[in-house]
Amino acid sequence: MSLGRKKSNPHRIAILGILTAIILIQNFVPFLGNIPIPPLNPTIIHITVIVATLVLGTKDGMIIGGVWGLTRMLRAYTVPATPLDLWLWTNPLIALLPRILIGLFTGITFNLMKKYFPNKSKLSMSIASIAGAFTNTIFVLLFIYLFYGERYAEATSVDFSSLANVLLVIVGTSGIAEAILAGIVAPLVAAPLKKLRH
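Residues numbered from 1 in each chain as written. Predicted model: local features only at pLDDT ≥ 70, side-chain atom pairs only at ≥ 80, totals over all residues. Heavy atoms only, no water.

**Student:** Explain the packing of aromatic side chains to me, using residue names and the numbers behind them.
**Tutor:** In this structure the tally under the stated criterion is five aromatic pairs. Among the aromatic residues, those joined into a cluster by ring pairs are Phe105, Phe139, Phe143 and Phe147. Residue placement shows Arg99 over the ring face of Trp68; its charged tip is 4.1 Å from the ring centre. When the ring centre of Trp87 is taken as origin, the NZ or CZ atom of Arg151, which lies over that ring, is 4.3 Å away. (Phe/Tyr/Trp six-rings, centres within 6.5 Å; stacked < 30°, edge-to-face > 60°. Lys NZ or Arg CZ within 6 Å of the ring centre and 35° of its normal.)

**Student:** Can you tell me about helix H6 (residues 97–116), naming the residues and giving the values?
**Tutor:** Its 20 residues place the ends of H6 29 Å apart at the C-alpha level, agreeing with the 28 Å of an ideal helix rising 1.5 Å per residue. Looking at H6, one finds that the buried residues are Pro98, Arg99, Leu101, Ile102, Gly103, Thr106, Gly107, Thr109, Phe110 and Met113. Check the buried side of H6 and you find it contacts helix H2 (45–56), helix H3 (58–78), helix H5 (92–95), helix H7 (121–155) and helix H8 (160–197). (Helix = DSSP H or I, 4+ residues; strand = E, 2+ residues; numbered from the N terminus. Expected span 1.5 Å × (residues − 1). Buried < 20%, exposed > 50% of the residue type's maximum accessible area, 1.4 Å probe, protein only. Contact = heavy atoms within 4.5 Å.)

**Student:** Tell me about the confidence of the model for the protein chain, and please be specific about residues and values.
**Tutor:** Averaged over the protein chain, the pLDDT score is 88; the fraction of residues at 70 or greater is 91%. Ranking the helices and strands of the protein chain by mean pLDDT puts H6 first, with 96, and helix H1 (residues 2–28) last, with 77. Across residues 1–7 the pLDDT falls below 50, and counting only partners more than four positions away or on other chains, this stretch makes zero contacts in the model. (pLDDT = per-residue confidence, 0-100.)

**Student:** Just give me the short version of the nonpolar core, but keep the residues and values in it.
**Tutor:** Core analysis: the largest hydrophobic core is formed by 27 residues, its most contacted members being Ile23, Leu54 and Ile64. At the level of secondary structure, the elements contributing two or more residues to this core comprise H1, H2, H3, H6, H7 and H8. With nine residues, the top contributor of residues to this core is H2. In this view, Ile23 contacts Ile45, Thr48, Val49, Ile64, Val67, Trp68 and Thr71; residues no more than four positions away in its chain are not counted. Within the second largest apolar cluster, 19 residues are counted, among which are Ala76, Trp89, Ala95 and Val171. (Core = buried A, V, L, I, M, F, W, Y, C linked by side-chain atoms within 4.5 Å.)

**Student:** Quick one: what's the story with the packing of H2 against H8, residue by residue and with numbers?
**Tutor:** With their axes 8 Å apart at the nearest point, H2 and H8 run at an angle of 35 degrees to one another. Of the two elements, H2 crosses H8, and the hand of that crossing is right-handed. Facing H2, whose interface residues are His46, Ile47, Ile50, Val51, Leu54, Val55 and Leu56, H8 presents Glu178, Leu181, Ala182, Val185, Ala186, Val189, Ala190, Leu193, Lys194 and Arg197. Split into classes, the residues belonging to the contact of H2 with H8 amount to 13 nonpolar, one polar and three charged. (Axes fitted to C-alpha atoms, helices over the stretch in contact; angles between N-to-C directions. Left-handed = near helix turned anticlockwise from the far one by under 90°. Nonpolar A, V, L, I, M, F, W, Y, C, P; charged D, E, K, R; others polar.)

**Student:** Help me get a handle on the environment of Ile170, residues and values and all.
**Tutor:** Relative to the assigned elements, Ile170 resides in helix H8. Taking the relative accessible area as the measure of exposure, Ile170 reaches 28% and is therefore partly exposed. It is 8.7 Å that separates the C-alpha atoms of Ile170 and Leu141, two residues lying 29 residues apart in sequence. Those residues in contact with Ile170 that lie beyond four places of it in its chain are Leu141 and Gly175.

**Student:** How would you sum up the pattern of salt bridges? Please name residues and give values.
**Tutor:** Within the structure shown, the criterion is met by two salt bridges. One salt bridge connects Asp60 with Arg12, and the closest N-O pair in it is separated by 2.8 Å. Of this pair, Asp60 sits in helix H3 while Arg12 sits in helix H1; the two residues are 48 residues apart in sequence, bridging distant segments of the chain. (Salt bridge = Lys/Arg side-chain N within 4 Å of Asp/Glu carboxyl O.)

**Student:** Describe a nonpolar patch on the surface, and please don't skip the residues or the numbers.
**Tutor:** A cluster of nonpolar residues, Ile176, Ile180, Ile184, Leu188, Val189, Leu193 and Leu196, forms a patch on the protein surface that exposes about 660 Å² of accessible area. Take Ile176: it is sitting in helix H8. (Patch = residues over 30% accessible without salt bridge, like charges linked within 9 Å, V, L, I, M, F, W, Y side chains within 5 Å. Areas by Shrake-Rupley, 256 points an atom, 1.4 Å probe, with all protein chains shown as cover.)

**Student:** A description of H3 should follow, citing residues and the corresponding values.
**Tutor:** In this model H3 runs 30 Å from its N-terminal to its C-terminal C-alpha over 21 residues, within 8% of the 30 Å that 1.5 Å per residue would give. Taken together, the buried positions of H3 are Asp60, Gly61, Ile64, Gly65, Gly66, Val67, Trp68, Gly69, Thr71, Arg72, Met73 and Ala76.

Put into structure tokens, the structure is as follows:
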């Protein structure tokens, strides 16, 4: 048993290293971390976290999610794209925690789906990927509303009483677009990687 673990460790570390490099590139190279489809501009970085979870497991997915969150915080401190970055994306509850939760909820959903659909791995991956994508969108927007609601409303010229509805529209537009994209792309990438791993 210990021999099998020793053999798998370099492989796992190598994949974690590759996925970490992909996360860094997606964060710092323009247009590689999102798809510019105005007005949605959905992110695709969450797909890397989801793939990590599906291929390596929940724990490693959470690690890659943490890498994304820390990188996002670093980017907010060093090269903020807007003034909002300095107080939104430097808060670990907004920048870090939702990214870690992507791995957690993707892993939980995938393991649950495998029990109900043991012979439909790609379907299980798709459902888990959609759950992971919505986890990111919902928790980021929820924490923005809870911690910076009035400030965010003022900065975006939205009346605070209407902010909850505005954020729900974002979930229903960008959130759904990101979830559909994850549900299609993540299984296409993860399935062959899982076969190679085994």
